[in-house]
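Architecture and fold: a report
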Amino acid sequence: MAASHAPRARQPCGDGGGVNVLYLSYTGLLEPLGQSQVLAYLKVLSREHRITLVTYEKGADLADAPAMRTQREVCEAHGIAWIPRRYHQRPRLLATAWDMTVFFFTALAYARRADVIHARAYIASFVALMVRTLTGKPFIFDMRAIWPEEMVVAGRLKPGAPMYRLLKWGERQCLVKAGAVVSLTSAALPYLRERAGAEGARIRFAVIPTCTDLDRFTPAHNAAAPRAIGSIGTVMSGWYRFPWLTAFFRAVDRRLPGQALTLITREDAEAIARAAEADGVPRDRLRIYGVDFADAPQAMRGLEAVAIFLETGLAKLGSCPTRMGEALGSGLPVIVNPGVGDVGDIVCTHQVGVLVEDASDEAMDRAVEALFKLREDPGLSARCRSVAEEVFSLASGAKAYDRLYRELAPKA
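Since the model is a prediction, treat every value here as computed from it, not as a measurement.

Soluble globular proteins tend to bury their nonpolar side chains together. Core analysis: the biggest nonpolar cluster contains 61 residues, and Leu-245, Phe-248, Val-306, Phe-309 and Met-324 have the highest contact counts within it. With eight residues, the single largest contributor to this core is helix H9 (residues 242-255). One finds Ala-107, Ala-114, Ala-124 and Met-151 within the second-largest nonpolar core, a separate group that totals 42 residues.

As C-alpha cells, this is what we get:
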C-alpha cells in the first residue's frame with residue numbers, strides 16, 4: 001500500500017470506548033463534497049470508532065479505476081469499510097426511487113452490527129428512518145440544509161406539489177424520530193423547532209457547520225505574489241446569485257481596472273463566460289478553470305478575496321457554504337450577502353469580510369471600497385485564519401460528532 005495512505009496513530013477524540021457507526025451518504029466519495037464533507041470527518045472519527053460507509057457514486061467515477069483504487073486504499077488505511085453503490089440519474093424520480101430501495105436494503109443488512117446510524121442529508125435520512133422503524137437503531141438526521149426549500153429556489157420543485165408535501169412530511173418525521181438532529185446553522189433552529197411542533201422542545205439539536213480540513217487550506221506563503229479576486233465552486237446553480245457576482249466584478253473593474261478576476265469551478269467555462277459577458281463583464285477579463293479536489297487549496301492561495309453570493313430566505317436559513325471555511329482557512333476575506341444562515345453574523349462580528357447590501361452599482365461600489373480598505377489591515381489574513389480555526393475546524397466538528405455517537409450508542 002502506498003506510503004501516503006499509511007494509517008496514523010489513533011488519537012482519542014472522546015473518552016474511550018468506540019462506537020459501531022453506519023454512515024449513509026447519497027453523495028459519492030469521489031465527488032469533491034464527499035471528500036471534504038464525508039471522508040475528511042471520517043478519517044478523524046475512525047481513530048476512535050468503527051465506521052461502515054455506504055455511498056452512491058456516479059458512473060463516470062466508478063469507471064475511474066485508479067481513483068476508485070486510491071479511495072479504497074485511503075478507507076482501508078483508516079479502518080473504514082466502504083460500500084460504494086451506483087448512482088442513477090434518469091429518469092429522475094424512478095432512478096431515485098430505485099437508488100433508495102437499494103440503499104434501504106444495503107443499510108438494513110449492515111444496521112444489525114451498528115450502534116448508531118449517521119445519515120447525511122435527506123435521502124440518506126429517509127433511508128435511516130425506515131431502517132429505524134424495523135430495527136430500532138438510533139440515527140442522526142444530519143440535515144446539511146433545508147433541502148426541499150433549496151429545490152424550490154432552484155426551480156426543481158414546486159411548493160405545494162405532491163412531491164414537495166411528501167418531502168416536508170419526511171422532513172418532519174426525521175426531525176421528531178431522529179436520536180439527534182444536526183443543523184449547519186444556529187439561524188435554522190427556531191424554524192426547525194416550529195416544524196417539529198409540540199415535540200420540538202425535546203429534540204437533541206447540534207449545530208455543526210461545514211467544517212474544513214485546515215491542514216490543507218492554509219494561507220499563501222508569498223502574500224506579495226500577484227493574486228486574483230474571484231470565487232470558487234458552483235456559480236451557475238439555481239441557488240447562487242450569479243448577477244450579484246457579475247455586478248461585483250464590474251465594481252472591481254471600476255475601482256481597479258486590470259485586477260484579475262478568477263472563477264475556479266468545474267462548471268462549463270464557456271457557458272459562464274457567455275453569461276458574464278451578457279452581464280457586462282468582458283470574457284477577456286475572466287479566468288475560468290476547474291481543479292481536482294487535491295489541487296483546490298493551491299488554487300485558493302491564488303486568490304486574495306472570495307465572493308460568495310447565495311439565494312436567501314427559508315431555503316438558505318440552514319446553509320453554511322463550504323467555500324467560506326476554505327477561504328477563511330486560506331487567510332482570505334469573503335464578500336457575502338445577508339440572509340444566508342450564520343454567514344453575515346460571522347463576517348460582521350469578526351471583521352473577516354464585507355457584507356453587501358444589494359446588487360446595485362452603488363452598493364457594489366461601497367462593498368469594493370470596503371474590501372480594499374480591509375485589505376490594508378496587516379492582521380487580516382491571521383484574523384481570517386483564526387476565525388476558521390474557531391468556527392470551521394474539522395477537529396472541532398469531529399469532536400461534536402464523536403459526542404453524538406457516544407450519547408446515542410446503547411450503554412453497556
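That covers the picture; the talk isn't over yet.
Here we come to the packing of helix H4 (residues 92-111) against helix H5 (residues 121-135). Axis separation between H4 and H5 bottoms out at 9 Å; the angle between their running directions is 45°. By the angle between their directions, the pair H4 and H5 is classed as oblique. Here H4 and H5 pass one another in a crossing that is right-handed. Where H4 approaches H5, its residues Thr-96, Met-100, Phe-103, Phe-104, Ala-107, Leu-108 and Ala-111 are matched on the opposing element by Ile-123, Ala-124, Phe-126, Val-127, Met-130, Val-131, Leu-134 and Thr-135. Each residue belonging to the contact of H4 with H5 can be placed in one class, and the counts come to 13 nonpolar, two polar and no charged.

So, about the pattern of salt bridges. As enumerated under the stated definition, the model contains 24 salt bridges in all. The closest approach of N and O atoms between Glu-369 and Arg-255, which form a salt bridge, is 2.7 Å. Taken as a pair, Glu-369 in helix H14 (residues 361-374) and Arg-255 in helix H9 lie far apart in primary sequence, 114 residues in all. The partly exposed category is assigned to Glu-369, whose relative accessible area is 42%. Put simply, Glu-149, Lys-168, Glu-171 and Arg-195 are held in one network by salt bridges that share partners.

A few words on H5. In this model, H5 (15 residues) spans 20 Å end to end at C-alpha, consistent with the 21 Å of a helix rising 1.5 Å per residue. The set of residues buried in H5 consists of Tyr-122, Ile-123, Ala-124, Ser-125, Phe-126, Val-127, Ala-128, Leu-129 and Val-131. Buried-residue contacts for H5 involve strand S1 (20-25), H4, strand S4 (116-120), strand S5 (139-142), helix H6 (147-153) and helix H7 (162-177). Of the residues trailing H5, Gly-136 is marked for its positive phi of about 80°.

Here the structure, examined in full by the defined rule, presents zero disulfides. The thiol of Cys-348 is not disulfide-bonded; the next cysteine sulfur, from Cys-384, is found 13 Å away. Using a relative accessible area of 46% as the deciding quantity, one classes Cys-348 as partly exposed.

Let us look at H14. Helix length check: H14, at 14 residues, gives a terminal C-alpha distance of 20 Å against a target of 20 Å (1.5 Å per residue), a fit within 8%. Of the positions making up H14, those classed as buried are Ala-363, Met-364, Ala-367, Val-368, Leu-371, Phe-372 and Leu-374. In this fold, the buried residues of H14 make contact with strand S8 (228-232), H9, strand S11 (303-308), strand S12 (334-336), strand S13 (353-355) and helix H15 (380-391).

Chain-level pLDDT for the protein chain is 92 on average; 95% of the residues reach the 70-or-more range. Counted against residues more than four places away or in other chains, residues 1-14, with its pLDDT under 50, gives 24 contacts.

With that out of the way, let us pick up the sheet that holds strand S10 (residues 286-289). Read across the sheet, six strands follow the order S10-S9-S8-S11-S12-S13 without closing on themselves; strand pairing throughout is parallel. The open sheet is flanked by S10 and S13, the only strands paired with a single partner. Each strand of the sheet is rotated relative to its neighbour by a mean of 20°, with strand direction disregarded. Pairing geometry for S8 and S11, over three bridges, is parallel. Counterpart to Ala-228 in the pairing with S11 is Leu-303.

Rules used throughout
Residues numbered from 1 in each chain as written. Predicted model: local features only at pLDDT ≥ 70, side-chain atom pairs only at ≥ 80, totals over all residues. Heavy atoms only, no water. Core = buried A, V, L, I, M, F, W, Y, C linked by side-chain atoms within 4.5 Å. Buried < 20%, exposed > 50% of the residue type's maximum accessible area, 1.4 Å probe, protein only. Helix = DSSP H or I, 4+ residues; strand = E, 2+ residues; numbered from the N terminus. Axes fitted to C-alpha atoms, helices over the stretch in contact; angles between N-to-C directions. Parallel < 35°, antiparallel > 145°, perpendicular 65-115°, else oblique. Left-handed = near helix turned anticlockwise from the far one by under 90°. Contact = heavy atoms within 4.5 Å. Nonpolar A, V, L, I, M, F, W, Y, C, P; charged D, E, K, R; others polar. Salt bridge = Lys/Arg side-chain N within 4 Å of Asp/Glu carboxyl O. Expected span 1.5 Å × (residues − 1). Disulfide = S-S within 2.5 Å. pLDDT = per-residue confidence, 0-100. Pairing = 2+ DSSP bridges.

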